[in-house]
Amino acid sequence: MLAKIKYLTAGESHGKGLLGIIDGLPAGLDISEEDISQQLFRRQQGHGRGGRMKIETDYAEIYSGVRHGKSIGSPIGLVLLNKDFENWTQKMSTTPVSEDVKKVTLPRPGHADLAGVQKFDFDDIRNVLERSSARETAMRVALGTICRKLLKDTGIEVGSRVTQIYNVKDETPIPEGITPEALNEIADKSSVRCLDKNTETEMIAAIDNAKAEGDSVGGIFEVIATGLPYGLGSHTQWDQKLHARIAESIMSVNAFKGIEIGMGFDQAGKLGSEVHDEIGWDGEKYIRHSNNAGGIEGGMSNAQPIVIRAVMKPIPTLIKPLRSVDIQTKEDKLAHKERTDSCSVPAASIVAESMLCFVLADAMLEKFGGDTMEQLKAHIKVSGKY
Ligand code: EPS
């Protein structure tokens, strides 16, 4: 749960576009459409993307809340138009149409299709699939860029890389001491956002093989944040705990099925003495001899880098569809298929960065507060412990 920041998105995948509103940010934050574009571009990349990304050049127009390049404390509104809408004007018209629009009646296993039509009593799956599409994550990345900017201005960077696609794993650790932005620079040069060149080739082959079979693959990515002070989040109440807030945010992304923090699930097979990060004093400040906790102890940041990993399932839209049932006739049929991606794990890692940005920016505002960026920075200077 976010404490200080509120944000909402609206928009269907093939509708007119995506809308986003974010509220609760201080005045005086530099925000530009160029910054947002840069992140939107990153989300559009990746080996295994389908035809849609060739149609779109995602660009979010700042509609409100910014004046002469700076936030003014009011809600910030963004508008991102879908270029593809021109091909869907009848099918996705907001007003009634005379043309007969074919209904989608074959739910895809693993997608929101069947649960959605059951919930809303729809006879057309399109009413569900349009909003459940990961297209919506474009707006999350756009809004998340504003939080990323606040973090950057307070010394916090967020970056990511892909560690697994299908059964191909990159076991190499993130280079010691690398900044998240430097990590992104390297990862962004790879079409699968993988640091190891040999593994990259295998990952690309895994995606190509799946695609050739009409199938899809998922994977795992790692997100890191550095420059954090002690004490974001709190141990004092369940909904204050920083790792819980991060988990909620990350798990809200389409197709994300799990999250680990620090050593994560590997801790199950270790002794306590192998897991916990020993504490030292370097003459000026506390240090840790390792970071298995992933930067969070007792629900609070401990001034170490935050390290999380999340898993994305294979996309459920398959060119070689699975068995399903027609919701109109109840006949056994193969699931609906439409244009899709065979892998969008690299793009998902950018979305995950953005989701972490919301939580960390919110936790910084919660701890240090301020109506303006100047005030926020002054408060951090006075009471931030690193
Ligand atoms: C996406 C846009 C979609 C898909 C993908 C993500 O475009 P379209 O449906 O027009 O091809 O490429 O969404 C899915 C595969 C899904 O199942 O939701 C995007 O902008 O990221």
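Note that the structure is predicted; figures quoted are calculated from it, not measured.

Caption draft 1: Broad picture of helix H6 (residues 180-188). Taken together, the buried positions of H6 are occupied by Pro180, Leu183, Asn184 and Ala187. With its buried residues spanning 100° around the axis, H6 presents them on a single face. Residues of H6 that are buried sit in contact with helix H1 (33-44), helix H5 (137-153), strand S7 (157-165), strand S9 (219-226) and helix H10 (345-368).

Caption draft 2: Just empty space enclosed by the protein, in detail. Applying the stated criterion to the full structure yields two cavities of 30 Å³ or more. Estimates place the volume of the largest cavity at around 40 Å³. Every residue along the wall of the largest cavity is listed here: Arg108, Pro109, Pro316, Thr317, Leu318, Pro321, Leu322, Ala335 and His336. Residues of the lining of the largest cavity, tallied by class, amount to six nonpolar, two polar and one charged. The computed volume of the second largest cavity comes to approximately 30 Å³. Taken together, Asp30, Ile31, Ser32, Asp35, Ile36, Thr145, Ile146 and Lys149 form the lining of the second largest cavity. For the lining of the second largest cavity, the elements supplying multiple residues, two or more each, are H1 and H5. For the lining of the second largest cavity, the element with the most residues is H5, which contributes three residues. A class-by-class count of the residues in the lining of the second largest cavity yields three nonpolar, two polar and three charged.

Caption draft 3: Representation of the layout of surface pockets within the structure. In this model, the largest pocket occupies a volume close to 1200 Å³. Taken together, 36 residues form the lining of the largest pocket, with Arg161, Ile174, Glu222, Val307 and Arg309 sitting closest to its centre. Only S7, S9, strand S10 (256-261) and strand S15 (306-312) provide two or more residues apiece to the lining of the largest pocket. Residue classes in the lining of the largest pocket are distributed as 14 nonpolar, twelve polar and ten charged. Of the pockets and cavities examined, the second largest pocket occupies roughly 730 Å³. Forming the walls of the second largest pocket are 36 residues, and the residues nearest its centre are Ser133, Ala134, Arg135, Thr340 and Asp341. For the lining of the second largest pocket, the secondary-structure elements that each account for two or more residues are helix H2 (52-55), helix H4 (126-132) and H10. At three residues, the largest contribution of residues to the lining of the second largest pocket is made by H10.

What counts and how
Residues numbered from 1 in each chain as written. Predicted model: local features only at pLDDT ≥ 70, side-chain atom pairs only at ≥ 80, totals over all residues. Heavy atoms only, no water. Buried < 20%, exposed > 50% of the residue type's maximum accessible area, 1.4 Å probe, protein only. Helix = DSSP H or I, 4+ residues; strand = E, 2+ residues; numbered from the N terminus. Arc of directions from axis to C-beta. Contact = heavy atoms within 4.5 Å. 1 Å grid on protein atoms, 1.4 Å probe; cavity = no way out; pocket = protein on both sides within 12 Å on 5 of 7 lines; lining within 4 Å. Points joined across faces, edges and corners; volume = space filled by probe spheres on them. Nonpolar A, V, L, I, M, F, W, Y, C, P; charged D, E, K, R; others polar.

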